[in-house]
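Fold and contact review
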Amino acid sequence: MYKNSLLKKFKKSDLNIEDFPYIHIENALDEEFYNKLSVDFPKYESFTDDKYIRENSRYDISGINYMGNSPAWKEFLEYHTSDDFFKNIISIFNNEILNLKNKDLLNLLSKKNLKIGSVRKDLKEKKIDIWQDIGININTKVSENKPSVRTPHLDNPTKIYGGLFYMRNPRDECKGGNLELYKFKDKKKYSGNAVPSRFVKKFSEVSYKENNLVIFLNTDHSIHGVTPRSETEFSRRFLYFHATSNNIKMHDTSINQVSKIEKFLVKVNGKLKSYL
């Protein structure tokens, strides 16, 4: 295993399976290497050349488009789109993958000469079976308390897993920006891949802090969202990585969608409350 892998310090107790399968590792990287990445985290202008930067908005740099001069970043990004990194994650989630009994996923992972690549176009053109990507990301500053950038939701069903690695600026003293993990209160209900908050309750929270890692298997229960941030001049800094295949569906929310009548009644109820 690469000496600076995000999974280098993984131990069995870091795997949580009670509500949905996810890995949580604090201080995932050695401090010295983490500090190299943090110091050389891309500047604002690396993310966009827009003259107007929208507040509380997400901007990304795909790992393969990284143009910086940091050797540490280059080797780190290269490894975290490698076959080895993918296999390590699948190995950790192996029992949970078997328990899903997702035939398409099992057939994909057992395929001989499984082709994994980091170029999205290759997936569209069917040159690879799995597209693995890691992005350097920011949510821009906020001048006042803003709504969450992501309310409860599932990731796209073509994603096998998703991961977040937080790289908070050490000078950022804002509150919020944490990852909340949810479970259904009772019945499953979706609105697209989003989940109306009235149907879920939080069971855990991953703090937005330096060197903090979470990776989740993308099941129909893997509901997550981000808490609002208080006013801050600093961007919310993180990495997001995933493995995606067009040959699978990790979940199907179509049979448990909130009906039009339910949406109408919720809207009417909200208006009535505003008059009381």
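First things first, this report covers the structure right here in the doc.

Conventions and cut-offs
- All residue numbers refer to position in the chain's written sequence, counted from 1.
- The predicted nature of this model means local features are confined to residues of pLDDT at least 70 and side-chain atom pairs, given and counted, to a pLDDT of 80 or more, with totals for whole chains, interfaces and linings taken over all residues.
- Hydrogen atoms and water are omitted, and side-chain values are computed over all heavy atoms in the structure.
- Here, nonpolar core means buried Ala, Val, Leu, Ile, Met, Phe, Trp, Tyr and Cys residues that are tied together by side-chain atoms lying within 4.5 Å of each other.
- Burial status follows relative accessibility: with a 1.4 Å probe on protein chains alone, a residue under 20% of its type maximum counts as buried, one over 50% as exposed, and anything between as partly exposed.
- What makes two residues a contact is simply this: any of their non-hydrogen atoms within 4.5 Å.
- Grid spacing is 1 Å over the protein atoms alone, the probe is 1.4 Å, and a cavity is where that probe fits but cannot get out, while a pocket is an open set with protein on both sides within 12 Å along at least five of seven lines and lining residues have an atom within 4 Å of a point.
- Grid points are joined across faces, edges and corners, and a volume is the space filled by probe spheres set on the points.
- Each helix is a run of H or I in the DSSP string that is no shorter than four residues. Each strand is a run of E no shorter than two, and both are numbered from the N terminus.
- Note on residue categories: nonpolar means Ala, Val, Leu, Ile, Met, Phe, Trp, Tyr, Cys or Pro, charged means Asp, Glu, Lys or Arg, and polar means any other residue, Gly included.
- Whenever a carboxyl oxygen of Asp or Glu lies within 4 Å of a side-chain nitrogen of Lys or Arg, that contact is scored as a salt bridge.
- As used in this structure description, the phrase polar contact means that two N or O atoms lie within 3.5 Å; if the pair is within protein, one of them must be able to donate a hydrogen and the other to accept it, and residues adjacent in sequence are counted only when both atoms belong to side chains.
- Relevant arc is that of directions from the helix axis to the C-beta atoms, nothing else.
- Note on pairing: two strands pair once DSSP finds at least 2 bridges between them.
- Throughout, an axis means a line fitted to C-alpha atoms (over the contacting stretch in the case of helices), and angles, computed between N-to-C directions, take values from 0 to 180 degrees.
- Working definition: rings of Phe, Tyr and Trp (its six-membered ring) pair if their centres are within 6.5 Å, and the pair is stacked with planes under 30 degrees apart, edge-to-face with planes over 60 apart, and tilted otherwise.
- Two thresholds decide whether a charge sits over a ring: the Lys NZ or Arg CZ must be within 6 Å of the ring centre and within 35 degrees of the ring normal.

**Quick word on the nonpolar core**
W73, F76, I136, I160, F165, I215 and F241 are the most contacted members of the largest nonpolar core, which has 46 residues in total. Those residues in contact with F241, other than ones at most four positions away along the chain, are L6, F85, I89, D133, I134, Y161, G162, G163, L164, L213 and I215. The next biggest cluster of nonpolar side chains, apart from the first, holds 13 residues, and it includes L164, L179, L181 and V206.

**Focus on the layout of surface pockets**
Taken as a whole, the largest pocket encloses approximately 750 Å³ of empty space. Together, 34 residues line the largest pocket, and R58, D60, K159, Y240 and H242 are the ones closest to its centre. The set of elements that each furnish at least two residues to the lining of the largest pocket consists of β3 (58-62), α7 (120-124), β5 (130-139), β6 (159-166), β10 (223-226) and β11 (236-244). Looking at side-chain class alone, the lining of the largest pocket contains 12 nonpolar, 13 polar and 9 charged residues. In this model, the second largest pocket occupies a volume close to 340 Å³. Forming the boundary of the second largest pocket are 15 residues, of which F41, P42, K43, N169 and R237 lie nearest the centre.

**Focus: unusual backbone geometry**
The backbone of K101 sits at a positive phi, close to 55°, despite the residue not being glycine. Structurally, K101 is set in the loop between α5 (94-100) and α6 (103-109). Residue K101 is classed as exposed on the basis of its relative accessible area, which comes to 68%. In the Ramachandran plot, N113 falls in the positive-phi region, its phi being about 55° despite a non-glycine side chain. When you line up the elements, N113 lands in the loop between α6 and β4 (116-117). Exposure remark for N113: the relative accessible area of 68% places this residue in the exposed category.

**Focus on the pattern of salt bridges**
Tallied over the full model, the rule gives 13 salt bridges. Here D129 ties to K111 by a salt bridge, and the two come within 2.6 Å at their closest N and O atoms. Pair noted here: D129 is in the loop between α7 and β5 and K111 is in the loop between α6 and β4, with a separation of 18 residues, a long-range link. Taking relative accessible area as the criterion, D129 reaches 8% and is therefore assigned buried. By relative accessible area, which is 41% here, K111 ends up partly exposed. Notably, a salt bridge pairs K188 with D220, separated by 2.6 Å at the nearest N-O pair.

**Here's the deal with the environment of S70**
Its location among the elements puts S70 in the loop between β3 and α3 (71-79). Sequence spacing of S70 and K36 is 34 residues, and the spatial spacing of their C-alpha atoms is 8.6 Å. Within the structure, the side chain of S70 is placed 3.1 Å from the backbone nitrogen of W73, a separation counted as a polar contact.

**Some remarks on α3**
For α3, the complete set of buried residues consists of A72, W73, F76, L77 and Y79. The buried residues of α3 occupy one face: seen down the axis, they fall within an arc of 165°. Residues of α3 that are exposed and angled more than 90 degrees away from the buried face: P71 and E78. Looking at the buried side of α3, the elements it contacts are α1 (31-39), α4 (83-92), β5 and β11.

**Focus on the sheet that holds strand β8 (residues 200-206)**
Pairing within the open sheet is antiparallel, and its 3 strands lie in the order β8-β7-β10. Two strands in the sheet have a free side with no partner beyond their single neighbour: β8 and β10. Geometrically, the sheet is characterised by an average inter-axis angle of 35° between neighbouring strands, direction not taken into account. Of the pairings in the sheet, the one linking strand β7 (residues 179-184) to β10 comprises 4 bridges and is antiparallel in character. Each bridged residue has a counterpart across the sheet, and for E180 the counterpart in β10 is G225.

**Some words on the packing of aromatic side chains**
A complete count under the given rule lists 15 aromatic pairs for this structure. Consider the rings of F20 and Y22, whose centres lie 5.6 Å apart with planes at 55°: the pair is tilted. Across the pair, Y22 and F20 agree in class, each one buried. Between W73 and F76, the ring centres sit 6.1 Å apart and the planes meet at 90°, which makes this aromatic pair edge-to-face. A residue pair is termed a helical-turn pair when its members lie 3 or 4 positions apart in one helix, as W73 and F76 do in helix α3 at 3 residues. Assigned by exposure class, W73 and F76 land together as buried. Among the aromatic side chains, those forming a connected cluster through ring pairs are F33, F41, F47, Y66, W73 and F76. Positioned over the ring face of F238 is R236, at 5.0 Å from the centre of the ring.

It is worth stressing that arrangement in space is one thing and function is another; only the former is reported here.
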